[in-house]
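As a plain string of letters, each chain reads:
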Amino acid sequence: MLAMRHNWPLDVAELKPALELVLAIARTDMGILMLHDDGEGAMFPVLGYGLDETNYQLFGSPRPGIGAFGRAMTEHRRVRIRNAWGKGEALSDAARTLGFRSIEVLPFFRDDGGALGAFGVLFRSARGSGRRAARLTQYCTDVVGCAVKHAEEQVRAERLRDRQAIASEAKMQFLAKLSHELRTPLQSISGYVDLLRSSETEPLSASQDHMLERISESERILVRIIDDVITISRLEAGRVNYHIGPTNAEDAIRATEAVIAPLAANHDIHIELASNGQPLLVHADADKLKQILVNLAANAVKFTRAPGKVTLSCRADDDSVWFDVSDTGPGIPPDRLDEIFNPYVQVGSPAIDSYGGSGLGLTISREFATGMQGDLTASSDPQQGSVFTLRLPRCIRTPLANSHELSQDENGHDQTMRDAS
Amino acid sequence: MTISPFSSGPRGSIAERPIEAPLVLVADDHEDSRCIARIVLESSGFRVVEARTGTEALAMARTVKPVAMVLDIVMPELTGWDVARALRAEEAGDQLVIIAVTALADRSDRVRSMASGCNDMLVKPVHPRALIKVVQRHLARRAHA
């Protein structure tokens, strides 16, 4: 019954053979196993041999320093009591009731010295175990201590993982709820702005239209921030799925150019596609590949002063394909090249309306690249512009004819609409 | 039935439009979303009726027999998924075009919408022109089928 009361890190029945072995080596037929309950600060009997479970309570719940078990716990050593019937002995009642004369307590500990438990070896005479038996029972105790310690560590790690999973799930649910609550009022903003701008009966002046365009742009930025925050937390929770398949590199570049062309035209930036004319396949999730390239190209466009040029190209060796997105912008100081992949960092931190990103785009892009067994790096020559390079594993097989099938990204948006509008 | 300050209510709207104009049911508990959908649908030649809750949407779909539904998911009483499933289970429910328009943005929500019988799902904020395009595309597909 007592054994059931405590939440030991392992099934105590599994320790029964160890108790039997200790008793056999000590040449006796009675013994008890105590385990330490950290919450209670005491040991409790969990397993007996040669005695009835109803008698476990005779051993009480020893605390440090008190009685044979308590002393063994405090002094970190084997404690032997030759005459357990003696006056003042904590165990004298148990000794008389169960008929043992002497007792040896073999404690075992964690690495930090915290008590894990102890074997109580009960002898019907005062003889105790010999030197050789004492050495062997000690070995046996050490082995059990080790096993209990590992079981406990494992259970702790599992509990920690469970707690983290619950926390991460709660965070995801909170963010999903937040996303829902933010999107509803955004619908009012986006819907009415669009209706005002497309009204035929009440045409707007150029400056009114421009103001509404700024509202639209801000609405798109907000949606992007919501999406990016959710994507980041999905990445942190390991809940992003990759649908990896043979993907045509040039298709990805062309699709990126189609998305980015209106933005580039707005900024008076020329987009150039450089190709070696050779069809290249990569192992990639087509959606995520496009998301990375669109993000890199949009960054390049936004950070390049007009009239400038952004070049999308790819090259390969036997194992890898590299996508280069290069611009004629101001470049990135060498000491900040790594930093820009951290969340919420923008070099020179331009005002949000001139950049229009969440500050999470590069972090997400690099995580996606890693998730597809590739990597994303940046190099820059100040005054010459920057080059962002995405490397992905090359695929030699023929492509499947499904690269256009998925039109929605991880958050369920029609990607072309969101990015191009 | 619901009366919006921006419109004259479902019956009035039907009367304003030629009776042969196709009827779309807009079900959403968010008034602005209903109003935006109504304006853009009416300007594209549809008649529009509105519902504010899941139960109202289900009842109206059965009585007014729209050709298409613009269906929010998170609504009082019944979710849009419940409504879509119930209508698809009915004999006349096959022909109805159901477009989910929702602020639920997870991929799993999309999967659930499609599994419940929606023809498509758009995530808010939805641009009115995009909504019209999707409704018209699905109606055209239905006409050709």
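You'll find the structure just up there.
An account of the accompanying structure is given in this report. Just so it is clear, the structure is predicted and the values come from calculations on it, not from any experiment.

The rules behind each value
- Residues numbered from 1 in each chain as written.
- Chains lettered and ligands numbered in written order.
- Predicted model: local features only at pLDDT ≥ 70, side-chain atom pairs only at ≥ 80, totals over all residues.
- Heavy atoms only, no water.
- 1 Å grid on protein atoms, 1.4 Å probe; cavity = no way out; pocket = protein on both sides within 12 Å on 5 of 7 lines; lining within 4 Å.
- Points joined across faces, edges and corners; volume = space filled by probe spheres on them.
- Helix = DSSP H or I, 4+ residues; strand = E, 2+ residues; numbered from the N terminus.
- Nonpolar A, V, L, I, M, F, W, Y, C, P; charged D, E, K, R; others polar.
- Pairing = 2+ DSSP bridges.
- Axes fitted to C-alpha atoms, helices over the stretch in contact; angles between N-to-C directions.
- Contact = heavy atoms within 4.5 Å.
- Buried area = accessible area lost by both parts, 1.4 Å probe.
- Salt bridge = Lys/Arg side-chain N within 4 Å of Asp/Glu carboxyl O.
- Polar contact = N/O pair within 3.5 Å; in protein donor to acceptor, adjacent residues only side chain to side chain.
- Core = buried A, V, L, I, M, F, W, Y, C linked by side-chain atoms within 4.5 Å.
- Buried < 20%, exposed > 50% of the residue type's maximum accessible area, 1.4 Å probe, protein only.
- Parallel < 35°, antiparallel > 145°, perpendicular 65-115°, else oblique.
- Left-handed = near helix turned anticlockwise from the far one by under 90°.

Of the voids in this model, the second largest pocket is the one considered here, and its volume is about 500 Å³. If you go around the second largest pocket, you meet 18 residues; those closest to its centre are L195, S198 and S199 of chain A together with I39 and S43 of chain B. Among the elements of the structure, α5 (131–198) of chain A together with α2 (31–43) and α6 (128–144) of chain B are those that each provide at least two residues to the lining of the second largest pocket. Here the element with the most residues in the lining of the second largest pocket is α5 of chain A; it accounts for 5 residues. The class makeup of the residues in the lining of the second largest pocket is 7 nonpolar, 5 polar and 6 charged.

All names here are of chain B. In spatial order, the strands read β2-β1-β3-β4-β5; together these 5 strands make up an open sheet with parallel pairing. Sheet topology places β2 (47–51) and β5 (120–123) at the edges, where each strand pairs with a single neighbour. Between one strand and the next, the sheet's axes are offset by a mean angle of 20°, whatever the strand orientation. In this sheet, strand β3 (residues 68–71) lies alongside strand β1 (residues 23–27) in parallel orientation, the contact comprising 4 bridges. The residue of β3 that forms the bridge with V26 is V70.

As a further point, take the interface of chain A and chain B. The partner chain B presents 24 residues to the 25 residues of chain A that form the contact. When the two sides are added together, the surface that chain A and chain B hide from each other amounts to roughly 2,200 Å², 57% of it contributed by carbon and sulfur. For the interface between chain A and chain B, the tally reads 3 salt bridges. Taken together, the links from chain A to chain B amount to 8 residue pairs in polar contact (both at pLDDT 80 or more). Listed by contribution, the elements that provide at least two residues to the side of chain A that touches chain B are α5 and α6 (206–236) of chain A. For the side of chain A that touches chain B, the leading source of residues is α5 of chain A, giving 12 residues. In the side of chain A that touches chain B, the residues fall into 5 nonpolar, 12 polar and 8 charged.

It is worth spelling out the nonpolar core at this point. All names here are of chain A. Within the largest apolar cluster, 44 residues are counted, with the highest numbers of intra-cluster contacts made by L289, L293, V310, F323, F388, L390 and L392. Sort the elements by how many residues they give to this core and helix α8 (residues 286–303) lands first, with 9 residues. Ignoring sequence-local partners within four residues, the contact set of L293 consists of A252, I253, T256, F323, V325 and L390.

Here we take up the environment of A306 of chain A. Residues and elements named next belong to chain A. Take A306: it is sitting in the loop between α8 and β9 (308–316). Sequence separation between A306 and I269 is 37 residues, and the spatial gap between their C-alpha atoms is 5.8 Å. Setting aside residues no more than four positions away along its own chain, A306 makes contact with H267, D268 and I269.

Contact geometry for α5 of chain A and α2 of chain B: axes closest at 9 Å, N-to-C directions at 25°. The orientation of α5 of chain A with respect to α2 of chain B, classified from their angle, is roughly parallel. In the crossing of α5 of chain A with α2 of chain B, the sense of the turn from one axis to the other is left-handed. Facing α5 of chain A, whose interface residues are Q187, S188, G191, Y192 and L195 of chain A, α2 of chain B presents D32, S33, C35, I36, I39 and V40 of chain B. For the contact of α5 of chain A with α2 of chain B, the class distribution of residues is 6 nonpolar, 4 polar and 1 charged.

Evaluation of the coordinates by the stated rule reveals 3 cavities of 30 Å³ or more. Here the second largest cavity is characterised by a volume of approximately 90 Å³. Together, 14 residues line the second largest cavity, and Q187 of chain A together with S33, A37, V101 and L131 of chain B are the ones closest to its centre. Per-element tally for the lining of the second largest cavity: the top contributor is α2 of chain B, with 4 residues. For the lining of the second largest cavity, the residue count by class is 8 nonpolar, 3 polar and 3 charged.

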